[in-house]
There are 2 protein chains.
Amino acid sequence: MGRLIFVGLGLRPTDLTQAAREAIDSADEVVAEFYTSKLVGMDPKQIAQWLERPVRFLRRMNVEEEGEALIEAAKVGVVCFLTGGDAMTATTHNDLRFRAQKAGVETEIIHGVSIVTAAAGQVGLQAYKFGRITTLVMPHGDYLPKSPFDVILNNRRQGLHSLVLLDLDTETERFMLVPDAAKQLVTFARTWNDPAITPETLAVGCARVGNPDQQIMAAPLVELGAADLGDPLHCLIIPGELHFTEEDAIAYWKQKTY
Amino acid sequence: MGRLIFVGLGLRPTDLTQAAREAIDSADEVVAEFYTSKLVGMDPKQIAQWLERPVRFLRRMNVEEEGEALIEAAKVGVVCFLTGGDAMTATTHNDLRFRAQKAGVETEIIHGVSIVTAAAGQVGLQAYKFGRITTLVMPHGDYLPKSPFDVILNNRRQGLHSLVLLDLDTETERFMLVPDAAKQLVTFARTWNDPAITPETLAVGCARVGNPDQQIMAAPLVELGAADLGDPLHCLIIPGELHFTEEDAIAYWKQKTY
């Protein structure tokens, strides 16, 4: 009896869970979608070597075309669908899952370590004090959507922290970094001139969260615009109101050097 | 050289990551804090057997008293501090971490699978459409704080989903379940009479998320008040506005039977 197993690999190779290892070992076919995620320190070729399994990498996940073939394969064999972070972060994954279930294919999700809780934990901010998550995107021509800035503003006005994920495109090897993000937010702040976020607003730049070479820096946005935190993946946190243990944490990252 | 390693064990035994396994194996001392978390299907005694290490269980984490001893131990040896879910969810853990760092002790966090992303993923709702997380608590006498209800109301008004965690006390083996939570929200809805949440509001009850015997049920709050989803841990999601793939997911859980 076949099944379709969605597996989150986490943030780095050693985040692999026992359940993920067993699922991958037992699979008849292993496919992976790393279009919008990446394991820190590992490219797709290395992933197959590391897992000791042939892995077929899907380019931009085409649910209409690839999805049908995966569902057919999962009717007769075990198909593992790998992603970075926790599983099911993309709308297309959910779409594939419920289409498979409608087609009578059993599905399963094996969860992995996610940047959502890891970034908060590493920085030392409380998970229940975060508002909505948002993602900053690389500008396409002159167009830059304002919606991520609105999310952060809205969180700030409620005293909540914002986790800001940064756009990446693994096919073209383009990764938005903390200084890109900070500069974009400074531009927004200057354009919209809202007291809730200014160029002097304190932010926390995070690079390679959860890895031994992780770097975290707390500084005003204007300063983060000139920061070099090294290789991707990066993300940014804009803190809201701070509890006193959170104040201690931010103070630590303000003075931390690498 | 010593260090203090915070290790998140995830939601179930097979969520153990390679990094966690290696840290636990290399530790001189393993302590655990399961006062406000629990691995599904395992009690503290079984955890020590499973990890094949002696584990000292801290009762209500007393940072003032136990914290100093842990920091002293971590000056000369490797101390692993285990929790359920991802690490660093409690304020006291963060406090201990930054106190250890101030005392010159190197600290490390090994992340685990968290209910925060797992519940959203299993139900099929998008992580970036969640507002602030909240926790419902068991009533102490006549007092019932309204703040969790306000968090959900505020999320609903913005069209955002709410993840509602449920109070537990592992020492007394008391766990709040989906029907308890649903009844509490119905009482709040009737008391405060706000159109954003009524007894008819659709909610999603989740039990043992990520485990093979997981149960998920989507129904109006009044119906969830009479639902039997089995053993803990439970949590609840109150959806906001639904994307069409999210509509498909909710429709699936409405008709799912166990």
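Look above for the structure.
Residues numbered from 1 in each chain as written. Chains lettered and ligands numbered in written order. Predicted model: local features only at pLDDT ≥ 70, side-chain atom pairs only at ≥ 80, totals over all residues. Heavy atoms only, no water.

Colleague: Help me understand the overall build of chain A, please; the structure alone is not making it clear to me.
Modeller: Counting its secondary structure elements, chain A contains nine helices and 12 strands. The C-alpha radius of gyration computed for chain A amounts to 20 Å, which stays within 12% of the reference 18 Å derived for 258 residues, consistent with globular compactness. Principal-axis analysis of the C-alpha atoms gives chain A an extent of 60 × 35 × 35 Å. Taking all 258 residues of chain A together, the buried fraction comes to 60%. When contacts within chain A are restricted to residue pairs at least 6 apart in sequence, long-range pairs at least 24 apart make up 76% of them. Between the mean site of the 24 positive side-chain charges and the mean site of the 34 negative ones, chain A shows a separation of 2 Å. (Helix = DSSP H or I, 4+ residues; strand = E, 2+ residues; numbered from the N terminus. Rg over C-alpha atoms; globule rule 2.2 N^0.38 Å. Buried < 20%, exposed > 50% of the residue type's maximum accessible area, 1.4 Å probe, protein only. Contact = heavy atoms within 4.5 Å. Lys, Arg positive; Asp, Glu negative; His and termini not counted. Charge placed at Lys NZ, Arg CZ, Asp CG, Glu CD.)

Colleague: It is not clear to me how helix H5 (residues 115-123) of chain B should be interpreted in this structure. Could you clarify?
Modeller: In an α-helix there are 3.6 residues to a turn, and that puts residues three or four apart on one side. All names here are of chain B. With eight of its nine residues buried, H5 lies for the most part within the structure. Residues of H5 that are buried include every one of Val116, Thr117, Ala118, Ala119, Ala120, Gly121, Gln122 and Val123, and no others. At the N-terminal end of H5, a side-chain oxygen is found 3.0 Å from the backbone nitrogen of Val116, two or three residues along, and the residue is Ser114. Gly124, located one to two residues past H5, shows a positive phi value of around 100°. (Polar contact = N/O pair within 3.5 Å; in protein donor to acceptor, adjacent residues only side chain to side chain.)

Colleague: I keep staring at the pattern of salt bridges and nothing clicks. Help me out?
Modeller: A side chain of one charge can pair with a side chain of the opposite charge when the charged atoms of the two come close. According to the stated counting rule, one finds 28 salt bridges over all chains in the structure shown. With a closest N to O distance of 2.5 Å, Asp194 of chain A and Arg157 of chain A form a salt bridge. Linking Asp194 of chain A in the loop between helix H7 (178-192) and strand E10 (202-207) with Arg157 of chain A in helix H6 (residues 147-157), this pair joins segments that are 37 residues apart in sequence. On the accessibility criterion, Asp194 of chain A (17% relative accessible area) is buried. With a shortest N-O distance of 3.0 Å, Glu72 of chain B and Lys75 of chain B are connected by a salt bridge. Residue Glu72 of chain B and its partner Lys75 of chain B are located together in helix H3 (residues 65-76), separated by three residues, close to a single helical turn. Glu72 of chain B gets classed as partly exposed once you look at its relative accessible area, which sits at 42%. Linked by salt bridges that have partners in common, Arg3, Glu106 and Glu108 of chain A make up one network. (Salt bridge = Lys/Arg side-chain N within 4 Å of Asp/Glu carboxyl O.)

Colleague: Would you mind showing me how to read the interface of chain B and chain A here?
Modeller: Taken residue by residue, the interface counts 50 residues in chain B and 50 residues in chain A. In total, chain B and chain A occlude about 4,000 Å² of area from one another, counting both sides; carbon and sulfur atoms represent 52% of this. By the criterion of area lost to chain A, the three top residues of chain B are Phe98, His111 and Arg132 of chain B, representing 15% of everything that side buries. Linking chain B with chain A are two salt bridges, by the criterion used here. Across the pair Asp248 of chain B and Lys102 of chain A runs a salt bridge, and its minimum N-O distance is 3.9 Å. (Buried area = accessible area lost by both parts, 1.4 Å probe.)

Colleague: Got a minute to help me understand the environment of Pro54 of chain A in this structure?
Modeller: With respect to the helices and strands, the residue Pro54 of chain A is situated in the loop between helix H2 (44-51) and strand E3 (56-58). On the basis of relative accessibility, which here comes to 68%, the residue Pro54 of chain A falls in the exposed class.

Colleague: Got a minute to help me understand the packing of aromatic side chains in this structure?
Modeller: In this description, an aromatic ring pair is defined by two values, namely the gap between the centres and the angle between the planes. The final tally for this structure, using the stated rule, is 12 aromatic pairs over all chains. A centroid spacing of 5.1 Å and a plane angle of 20° characterise the contact between Phe149 of chain A and Phe188 of chain A, whose relative ring orientation is stacked. Here the residue Phe149 of chain A occupies a position in helix H6, and Phe188 of chain A occupies one in helix H7, the gap between them amounting to 39 residues. Looking at Phe149 of chain A, the relative accessible area reads 0%, which means it is buried. Relative to Phe98 of chain B, the ring of Tyr252 of chain A lies with its centre 5.5 Å away and its plane at 65°, an arrangement referred to as edge-to-face. Separated into two different chains, Tyr252 of chain A in helix H9 (residues 244-255) and Phe98 of chain B in helix H4 (residues 91-102) make up a pair that spans both. With relative accessibility at 18%, the residue Tyr252 of chain A sits in the buried group. (Phe/Tyr/Trp six-rings, centres within 6.5 Å; stacked < 30°, edge-to-face > 60°.)

Colleague: Could you clarify how one ought to interpret the packing of helix H4 (residues 91-102) of chain A against helix H9 (residues 244-255) of chain B in this entry?
Modeller: Closest axis-to-axis distance for the H4 of chain A/H9 of chain B pair is 9 Å, and the angle between their directions is 40°. Classified by chirality, the crossing of H9 of chain B by H4 of chain A is left-handed. Along the contact surface, H4 of chain A presents Thr91, Asp95, Arg97, Phe98, Gln101 and Lys102 of chain A, while H9 of chain B presents Thr245, Asp248, Ala249, Tyr252 and Trp253 of chain B. Of the residues belonging to the contact of H4 of chain A with H9 of chain B, the class tally is four nonpolar, three polar and four charged. (Axes fitted to C-alpha atoms, helices over the stretch in contact; angles between N-to-C directions. Left-handed = near helix turned anticlockwise from the far one by under 90°. Nonpolar A, V, L, I, M, F, W, Y, C, P; charged D, E, K, R; others polar.)

Colleague: What is the right way to look at the sheet that holds strand E6 (residues 134-136) of chain A in this model?
Modeller: Paired through their backbone hydrogen bonds, the strands of a sheet run either parallel or antiparallel. Residues and elements named next belong to chain A. Read across the sheet, five strands follow the order E6-E7-E12-E10-E11 without closing on themselves; strand pairing throughout is mixed. Whereas interior strands pair on both sides, the edge strands pair on one side only; in this sheet they are E6 and strand E11 (215-220). The mean angle between the axes of side-by-side strands here comes to 25°, regardless of whether they run parallel or antiparallel. Here four bridges tie E10 to strand E12 (residues 234-238), and the two strands are oriented antiparallel to one another. When the bridges of E12 are listed, Gly205 appears paired with Leu236. Each of strand E7 (162-166), E10, E11 and E12 is contacted by helix H5 (residues 115-123), which is oriented at about 65° to E12, the strand it contacts most. (Pairing = 2+ DSSP bridges.)

Colleague: Teacher, can you tell me more about the nonpolar core here?
Modeller: Side chains of a nonpolar character, in soluble globular proteins, are inclined to be buried together. One finds Val123 of chain A together with Val123 of chain B to be the most contacted residues of the largest nonpolar core, which totals 46 residues. Residues contacting Val123 of chain A, with those up to four places away along its chain left out, are Val204, Cys206, Ile216, Ile237, Ala249, Ile250 and Trp253 of chain A together with Arg97 and Phe98 of chain B. (Core = buried A, V, L, I, M, F, W, Y, C linked by side-chain atoms within 4.5 Å.)

Colleague: Just checking my understanding: could you explain the sheet that holds strand E7 (residues 162-166) of chain B for this structure?
Modeller: Residues and elements named next belong to chain B. Strand order in the open sheet formed by five strands is E6-E7-E12-E10-E11, and the pairing between neighbours is mixed. Each having just a single partner strand, strand E6 (134-136) and strand E11 (215-220) make up the two edges of the open sheet. Within the sheet, the average angular offset between the axes of one strand and its neighbour, ignoring direction, is 25°. On top of the sheet, H5 reaches E7, strand E10 (202-207), E11 and strand E12 (234-238); it is set at about 65° to E12, its chief contact. Set on the sheet, helix H6 (residues 147-157) makes contact with E6, E7 and E12; between it and E6 the angle comes to about 135°.

Colleague: Looking at this structure, I do not really get H9 of chain A. What am I missing?
Modeller: Residues and elements named next belong to chain A. Between the first and last C-alpha of H9 there are 17 Å, a value that for 12 residues agrees with the 16 Å anticipated at 1.5 Å per step. Three or more residues of H9 are buried, namely Thr245, Glu246, Ala249, Ile250, Tyr252 and Trp253. Here the buried residues of H9 occupy an arc of 155° about the axis, which is enough to place them on one side. Away from its buried face by more than 90 degrees, H9 exposes Phe244 and Lys254. (Expected span 1.5 Å × (residues − 1). Arc of directions from axis to C-beta.)

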